[in-house]
Amino acid sequence: MLLHTSSLPRCQAAGHVKSTVSIHVPASPRLVPSCHHGSAAPVSPRRWTPPSVSCPAVLEAARPGQQERLEGAVPELCPGLTVVIAGAGISGLTLALSLLKKGVKCQVLERDLTAIRGEGKIRGPIQVQSNALAALEAIDPVVADDIMAHGCITGDRINGLCDGVSGDWYVKFDTFHPAVERGLPVTRVINRVTLQQLLAEAVIRLGGEDMILGGCHVTAYEEFVDRASGKKQVAAILEDGRRFEGDLLVGTDGIWSKIRQQMIGDAPAHYSEYTCYTGISEYVPADIDVVGYRVFLGNRQYFVSSDVGEGRMQWYAFHQEPAGGQDSLGQRKARLLQLFGHWNYNVVDLIKATPEEDVLRRDIYDRAPIFKWAQGRVALMGDSAHAMQPNLGQGGCMAMEDAFQLANDIAAMAEKAGQQGALGP
Ligand SMILES: Cc1cc2nc3c(=O)[nH]c(=O)nc-3n(C[C@H](O)[C@H](O)[C@H](O)COP(=O)(O)OP(=O)(O)OC[C@H]3O[C@@H](n4cnc5c(N)ncnc54)[C@H](O)[C@@H]3O)c2cc1C
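These figures come from a predicted structure and were not determined experimentally.

Undergrad: Got a minute to help me understand the nonpolar core in this structure?
TA: Within soluble globular proteins, side chains that are nonpolar generally end up buried alongside one another. Membership of the largest hydrophobic core comes to 49 residues, with the highest contact counts inside it found for Val83, Leu95, Leu99, Leu195 and Ile212. Among the elements that take part in this core, helix α11 (residues 395–416) stands out by supplying nine residues, more than any other. Counting 19 residues, the second largest nonpolar core, distinct from the first, contains Tyr277, Val284, Met313 and Val359.

Here it is as structure tokens:
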């Protein structure tokens, strides 16, 4: 499902570089404080609250007895064709947006809306790279602009790999000019919750309040022939017994996908051997004007820090150890300082500046590539199809490319079927 970037519109959004000759560096939306914080200064953790984007429909779960056959308020360019989407992460929301823009009706089923809203837990920023932003622009330039406006550009400064203890650079890489030279938008770092809420808001604007239903835990699917029409259909089957029927089902339910489990039936996900602590803090390093994104490397451990704008830094600390490790309550920072306390002051300061309750921990899994992502009326995309480790910052980006391509393919198939509505029997 790789996207051919040549098919994407180039240099459309405001602020993009329009010429490969004269390269304009857009101003970073980050706030540069008047007083920088260095290693010698005391570090006091301050709690950061994620910005909220209003999104009424994702605030409530599906109502009991809700109409389960799909009746969206979408202008039907593909009459009769309906797509059921299992999971409202980056994949599911981007696919819904992409389909709705093409006039294809869909219904997103999400088991837990807090996964979109992220309340109660800081689900930190992710990099939305040029490939994904280009896909988003192709899907909906207005939404893409909105997302870019909420993001922070790190490529206008140094990005690279350095020694964890000394901080000496091993390699610096340029994420800015390669994008600009190809007419692609420049990579942004954006809060994951903000990204998902902007996508959800756009989906609801186009599809109506009930387009994203919460409390819908999909456990299986069934392909069947509709008695009345004689057409092949597919139903997503929920834990509570409800069925949502449509012409196609897309499993966007992440690395532990139930749809994938039924379709592929493969082995459990593979543990990467690394656990990952992550945090976000209201803290500005002394070299913020010079360094945007930096990976500190060590033996069996590494630490990633990134400016995320508005005076905040996001960090990830990876440590090689067996899966399933737990920390005693309130002891995560202590553990991190045990592991990284002798590292470069930029690492130590960031850990110290993060409130204990904002430090999260998860084990990192991925899956070996498979090359069958669809069967019958069911397809996989995003992490359910190709879960990868976070080191390239591409999992969510590839999901957006998937959404662009899959929606194009679905619309093209519907058109090929003679604009007659649902895909043939
Ligand atoms: C530490 C870390 C850092 C990362 N950084 C980046 C980055 O910088 N850039 C990047 O592009 N990617 C990054 N990634 C990868 C990225 O987070 C994933 O690739 C992306 O979230 C995949 O999106 P998805 O929608 O396919 O799956 P998910 O985000 O897992 O979403 C799945 C959704 O489906 C729902 N769901 C699950 N099961 C069911 C079910 N049975 N029924 C109904 N709903 C269900 C879930 O609640 C969730 O809302 C990072 C990952 C990690 C772990």
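Structure's up, so let's keep going.
Undergrad: Sorry if this is basic, but what is going on with the packing of helix α4 (residues 141–149) against helix α6 (residues 192–207) here?
TA: The relative placement of two packed helices is expressed as an angle between their axes plus a distance between the axes. For the pair α4 and α6, interaxial distance at closest approach is 10 Å and the crossing angle is 155 degrees. In terms of orientation, α4 lies roughly antiparallel with respect to α6. The two elements α4 and α6 meet at a crossing, and its hand is right-handed. On α6, the residues touching Val143, Asp146 and Ile147 of α4 are Leu195, Leu198, Leu199, Ala202 and Arg205.

Undergrad: So what exactly am I meant to see when it comes to the pattern of salt bridges here?
TA: Where charged atoms from two side chains of opposite charge come close, those side chains can pair. All told, the structure shown has 14 salt bridges when counted by the stated rule. As a salt-bridge pair, Arg243 and Glu222 come within 2.5 Å of each other at their nearest N and O atoms. Remark: Glu222 occurs in strand β8 (residues 218–225) and Arg243 occurs in strand β10 (residues 243–246); sequence separation between them is 21 residues. Residue classification places Arg243 among the partly exposed residues on the basis of a relative accessible area of 28%. By relative accessible area, which is 33% here, Glu222 ends up partly exposed. One network of salt bridges, with partners in common, ties together Glu321, Asp327, Arg332, Arg335 and Arg361.

Undergrad: For this particular structure, what's the right way to read α4?
TA: Each α-helix winds once per 3.6 residues, and so residues spaced three or four apart point in a common direction. If you check which residues of α4 are buried, you get Val143, Ala144, Ile147 and Met148. Relative to the axis of α4, the buried residues are bounded by an arc of 135 degrees and lie together on one face. Away from the buried face of α4 by more than 90 degrees, exposed residues Val142 and Ala149 are located. Buried residues along α4 sit in contact with α1 (90–101), α3 (130–139), β6 (188–191) and α6. Where α4 begins, one side-chain oxygen reaches toward the backbone nitrogen of Val142, 3.0 Å away; that side chain belongs to Asp140.

Undergrad: Before we go on, may I ask you to explain the pairing of β8 in this structure?
TA: In summary, the side chains of a regular strand alternate between the two faces of the sheet. The pairing of β8 with strand β9 (residues 232–238) spans seven bridges and is antiparallel. Across the sheet, the residue bridging to Glu223 is Val234, located in β9. Taking the residues between adjacent antiparallel strands as the criterion, β8 and β9 are bridged by six residues, where Gly230 takes a positive phi near 75 degrees.

Undergrad: Help me understand the site of the ligand in this model?
TA: Taken together, 30 residues are adjacent to the ligand, and Ser91, Glu110, Gln127, Arg192 and Asp383 come closest. Contact distances for the ligand include 2.6 Å between an oxygen atom and a side-chain N or O atom of Glu110. Gly395 is positioned such that a nitrogen or oxygen atom in its backbone is 3.5 Å from an oxygen atom of the ligand. Here the ligand loses 89% of its free accessible area of 1000 Å² to cover by the protein chains. Those elements that place two or more of their residues in the shell around the ligand are α1, β3 (125–128), β16 (360–366) and α11. Broken down by element, the residue count for the shell around the ligand peaks at three residues, all from α11. Grouping the amino acids of the shell around the ligand by side-chain chemistry returns eleven nonpolar, twelve polar and seven charged.

About the cut-offs
Residues numbered from 1 in each chain as written. Predicted model: local features only at pLDDT ≥ 70, side-chain atom pairs only at ≥ 80, totals over all residues. Heavy atoms only, no water. Core = buried A, V, L, I, M, F, W, Y, C linked by side-chain atoms within 4.5 Å. Buried < 20%, exposed > 50% of the residue type's maximum accessible area, 1.4 Å probe, protein only. Helix = DSSP H or I, 4+ residues; strand = E, 2+ residues; numbered from the N terminus. Axes fitted to C-alpha atoms, helices over the stretch in contact; angles between N-to-C directions. Parallel < 35°, antiparallel > 145°, perpendicular 65-115°, else oblique. Left-handed = near helix turned anticlockwise from the far one by under 90°. Contact = heavy atoms within 4.5 Å. Salt bridge = Lys/Arg side-chain N within 4 Å of Asp/Glu carboxyl O. Arc of directions from axis to C-beta. Polar contact = N/O pair within 3.5 Å; in protein donor to acceptor, adjacent residues only side chain to side chain. Pairing = 2+ DSSP bridges. Near = heavy atom within 4 Å. Areas by Shrake-Rupley, 256 points an atom, 1.4 Å probe, with all protein chains shown as cover. Nonpolar A, V, L, I, M, F, W, Y, C, P; charged D, E, K, R; others polar.

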